[in-house]
Amino acid sequence: MARLHQTVFERNVPARAVVDHALGMTHHAVFWLDDLGERASRPALSAPVRADIAVVGGGYTGLWSALRAKQRHPGARVVLVEARSVGWAASGRNGGFCGANLTHGRPPDAPDRRAEPGQHTLLGRLGHENLAAIGATVHALGLDCQWERTGIVDLAIEPHQIDWLLDAAAWAARTGAPHTFLDRAKTRAEVASPTYEAGLVRPDDAALVHPARLAAELARAASELGVEIFEHTRVTALVPPRRGAHDVVLRTLSPGGEASVLADRVLLGTGAFPPLLRRYRHHTVPVYTSAIATEPLPADLLGAIGWRGRQGLADLANRSHRYRLTADDRIVFGGHDAVYHYGGRMSRTYEDRPATFRRLTEHLLTTFPQLEGIRLTHRWSGTVDTATRPGAYFAQAAGGRVQHTGGLAGLGAGAGHFAAQVMLDRLDVMDGAPDTERTGLRIVRQLPVRFPPEPVAAAGIRATRLALDRADHQDGRRNLLLRSLDTLGLGLDT
């Protein structure tokens, strides 16, 4: 049996008093939503409405769907309904990494069992085109969302991860990707952390964004184009057209009472929440992830860290961290824990996990011991929808009139736009348009394996999580369970 090793975060645990001090003034709230501030609430739906295209969900996928639908079909009546307020869930709580990846990455030289021959390269190109399209729209529509095309640095924080970066750098050299390998000294000169063993700079692969502002600005831009947005309106049922009928019916409930949306076409972007199409309720599970935010760093402290390129940073552990600077020079630091609750239950009470926030704080202070004495201001959690394969899936009902997507698993800031375009492409194909490169992808045409019923699902997720943690303690070596999942193209990549 392989010998277990302590991780860098277990070898270098900051003093308890330092961690207590950092956590002492935090409040349980989402930094991004606090920073967004108050905004005018949109009306709830209180009377029946007719739509050419109805969108369910006010996160990135739904907002991009509504915006792009109106741009493609300016004369169409587009209606969006959201159970709470726009951007309040995952779209307002994530780290603000808007990446070119459409699926969670594997080592670049590994065979991609999700894709047919040649589709790995196609996915990469479409992902970069998708990121470029988002950036172009941000500028064209004047979306005030703190968009920074900074790129990302992948970080080896254990010696065995250096080879992974070298393999990735070799793959980049073969394909012409502008990636740069940095040894330990160069990586630490870029960003001063004693945990870094090497880095891979990917300058074209990501942008940083204020996630709550992006959602709010997409809603504003969509409204200005004529999209009708109704908040605090929960869809309680989707009724497909009956024989001889034409419309899909969305039954809704709001403070104003019951109402309905009659729609020719429907796009569903409900994320981690239970799909309205019951047949797809076991294709994803909700997983809780968490983050913390520091107070704004003074110039001398930020100078001691470096980070002049303001890139997004991500380490290569299975239980990884992603972190970035905000516009006012806070560090938002998240990841490591990914928590599933039996039966896929979701509750506000699951969002405040003191042990998780303490662990994240310890890991932040291990990464940057220069931060000793700083305070954290915010701690929060949110849910993402993860599938049995690393990336979104697409489904439909009512002869294609209802389009559904799920499984974005933390990639929504970028992949939400791609998912919206896929669903709209499929509606156009139904109307006689030719298939596109997007609709021809295997990940679009093929559904992932469903999660098994309980208690098997919880046991399988727990076993996979433990195996990933064990691999982090065994120089990355994957056990039989993980190797089997790799062979089948399955995995939990949240």
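What you are looking at is a predicted structure, and each value in this text was computed from that prediction instead of being measured. (Residues numbered from 1 in each chain as written. Predicted model: local features only at pLDDT ≥ 70, side-chain atom pairs only at ≥ 80, totals over all residues. Heavy atoms only, no water.)

Undergrad: Before we move on, could you go through the environment of Glu437 and cite the residues and values that matter?
TA: Structurally, Glu437 is set in the loop between α12 (412-430) and α13 (442-445). On the basis of relative accessibility, which here comes to 40%, the residue Glu437 falls in the partly exposed class. When the C-alpha positions of Glu437 and Gly407 are compared, they lie 20 Å apart, and in sequence the two are 30 residues distant. Here Glu437 is in contact with Leu122, Arg125 and Leu126, once residues within four sequence places are set aside. Within the structure, the side chain of Glu437 is placed 2.4 Å from the side chain of Arg125, a separation counted as a polar contact. (Helix = DSSP H or I, 4+ residues; strand = E, 2+ residues; numbered from the N terminus. Buried < 20%, exposed > 50% of the residue type's maximum accessible area, 1.4 Å probe, protein only. Contact = heavy atoms within 4.5 Å. Polar contact = N/O pair within 3.5 Å; in protein donor to acceptor, adjacent residues only side chain to side chain.)

Undergrad: Run through the pairing of strand β3 (residues 78-81), naming residues and quoting values.
TA: Of the two faces of β3, the one carrying Val78 and Leu80 and the one carrying Val79 and Val81 are both buried. Alignment of strand β2 (residues 49-56) against β3, held across four bridges, turns out to be parallel. Each residue of the ladder has a partner; that of Val56, found in β3, is Val81. In terms of handedness, the path from β2 via helix α4 (residues 60-72) over to β3 forms a crossover that is right-handed. Where β3 lies against strand β9 (residues 228-230), three bridges are found, and the strand directions are parallel. Directly across from Val81, in β9, lies its bridge partner Phe230. (Pairing = 2+ DSSP bridges. Right-handed = clockwise from strand over helix to strand, strands pointing away.)

Undergrad: Quick one: what's the story with the packing of α4 against helix α6 (residues 119-140), residue by residue and with numbers?
TA: Packing of α4 against α6 leaves a shortest axis separation of 14 Å and a crossing angle of 70°. One element, α4, and the other, α6, form an angle in the roughly perpendicular class. Contact residues: α4 offers Trp64, Leu67 and Arg68, while α6 offers Ala133, Ile134 and Thr137. Split into classes, the residues belonging to the contact of α4 with α6 amount to four nonpolar, one polar and one charged. (Axes fitted to C-alpha atoms, helices over the stretch in contact; angles between N-to-C directions. Parallel < 35°, antiparallel > 145°, perpendicular 65-115°, else oblique. Nonpolar A, V, L, I, M, F, W, Y, C, P; charged D, E, K, R; others polar.)

Undergrad: Could you give an account of the packing of helix α14 (residues 456-472) against helix α15 (residues 480-488), naming the residues involved and the relevant values?
TA: Where α14 meets α15, the axes come as close as 9 Å, and the angle between the chain directions of the two elements is 110°. In terms of orientation, α14 and α15 fall into the roughly perpendicular class. Contact residues: α14 offers Ala463, Thr464, Ala467, Leu468 and Ala471, while α15 offers Leu481, Leu482 and Leu485. Within the contact of α14 with α15, the residues separate by chemical class into seven nonpolar, one polar and no charged.

Undergrad: Talk me through unusual backbone geometry; I want residue IDs and the actual numbers.
TA: Here the amide bond leading from Glu454 into Pro455 is cis, since omega sits at 5°, within 30 degrees of zero. Its location among the elements puts Pro455 in the loop between α13 and α14. Of note in the backbone geometry, Arg310 takes a positive phi value of approximately 55° without being a glycine. Relative to the helices and strands, Arg310 resides in the loop between α10 (299-305) and β14 (312-315). We classify Arg310 as buried; its relative accessible area is 18%. Positive phi values are uncommon outside glycine, yet Asp475 reaches one of about 55°. Take Asp475: it is sitting in the loop between α14 and α15.

Undergrad: Can you tell me about helix α7 (residues 161-175), naming the residues and giving the values?
TA: If you check α7, its first and last C-alpha atoms are 21 Å apart, about what 15 residues at 1.5 Å a residue would give, namely 21 Å. Those residues of α7 lying buried are Gln161, Leu165, Ala168, Ala169 and Ala172. Looking straight down α7, one finds its buried side chains confined to an arc of 100°; they lie on one side. For α7, the exposed residues lying more than 90 degrees away from the buried face are Ala173 and Arg174. Those residues of α7 hidden inside the fold are in contact with β5 (152-156), β6 (180-182) and β7 (198-202). (Expected span 1.5 Å × (residues − 1). Arc of directions from axis to C-beta.)

Undergrad: For the side chain of Asp205, give the residues involved together with the corresponding values.
TA: Position of Asp205 among the secondary structure elements: in the loop between β7 and β8 (206-208). Within the local environment of Asp205, its side chain forms a polar contact with the side chain of His179, the two groups lying 3.3 Å apart. In this view, Asp205 contacts Cys98, Gly99, Ala100, His128, Leu131, Ile152 and His179; residues no more than four positions away in its chain are not counted.

Undergrad: How would you explain the nonpolar core if you had to name every residue and give the values?
TA: By size, the foremost hydrophobic cluster in this structure holds 51 residues, and its most contacted members are Val78, Trp147, Leu218 and Leu441. Elements represented by at least two residues in this core include exactly β2, α4, β3, α6, α9 (211-225), α12 and α13. Per element, the largest residue contribution to this core is nine residues, and it comes from α12. (Core = buried A, V, L, I, M, F, W, Y, C linked by side-chain atoms within 4.5 Å.)

Undergrad: Go over the layout of surface pockets, please, and point to the residues and values.
TA: Put simply, the second largest pocket is a space of about 380 Å³. Taken together, 20 residues line the second largest pocket, and the ones lying closest to its centre are Val30, Leu33, Ser85, Trp88 and Arg93. Within the residue set of the lining of the second largest pocket, elements represented by two or more residues are α3 (31-36) and β17 (376-386). Counting residues per element, the lining of the second largest pocket draws most heavily on α3, which supplies three residues. (1 Å grid on protein atoms, 1.4 Å probe; cavity = no way out; pocket = protein on both sides within 12 Å on 5 of 7 lines; lining within 4 Å. Points joined across faces, edges and corners; volume = space filled by probe spheres on them.)

Undergrad: Go over the environment of Phe181, please, and point to the residues and values.
TA: Residue placement: Phe181 occurs in strand β6. The class of Phe181 is partly exposed, set by a relative accessible area of 27%. Remark: the alpha-carbon pair of Phe181 and Leu165, spanning 16 residues in sequence, is separated by 7.2 Å. Those residues within four positions of Phe181 in sequence are excluded, and the remaining contacts are Ile162, Leu165, Leu166, Ala169, Ala198, Gly199 and Leu200.

Undergrad: Which residues make up the sheet that holds strand β15 (residues 321-325), and what values go with them?
TA: Within a sheet, neighbouring strands are paired by backbone hydrogen bonds and run either parallel or antiparallel to one another. Taking strand neighbours across the sheet as the criterion, the nine strands line up as β1-β17-β13-β16-β15-β14-β5-β7-β6 in an open arrangement whose pairing is mixed. Edge strands, defined here as strands with exactly one partner in the open sheet, are β1 (27-28) and β6.

Undergrad: Give me the lowdown on the environment of Val19, citing residues and values where you can.
TA: By the element assignment, Val19 lies in helix α2 (residues 16-23). As a C-alpha pair, Val19 and Ala177 span 158 residues in sequence and 40 Å in three-dimensional space. Setting aside anything within four residues of it in sequence, one finds Val19 in contact with Pro14, Arg358, Thr361, Glu362 and Leu365.

Undergrad: Describe the side chain of Thr284, and please don't skip the residues or the numbers.
TA: Mapped onto the elements of the fold, Thr284 is located in the loop between β12 (257-268) and β13 (285-294). Relative accessible area serves as the criterion here: at 10%, Thr284 is assigned to the buried category. Excluding residues within four positions of it along the chain, Thr284 makes contact with Asp385, Thr386, Ala387, Tyr393, Gly406, Gly407 and Phe451.

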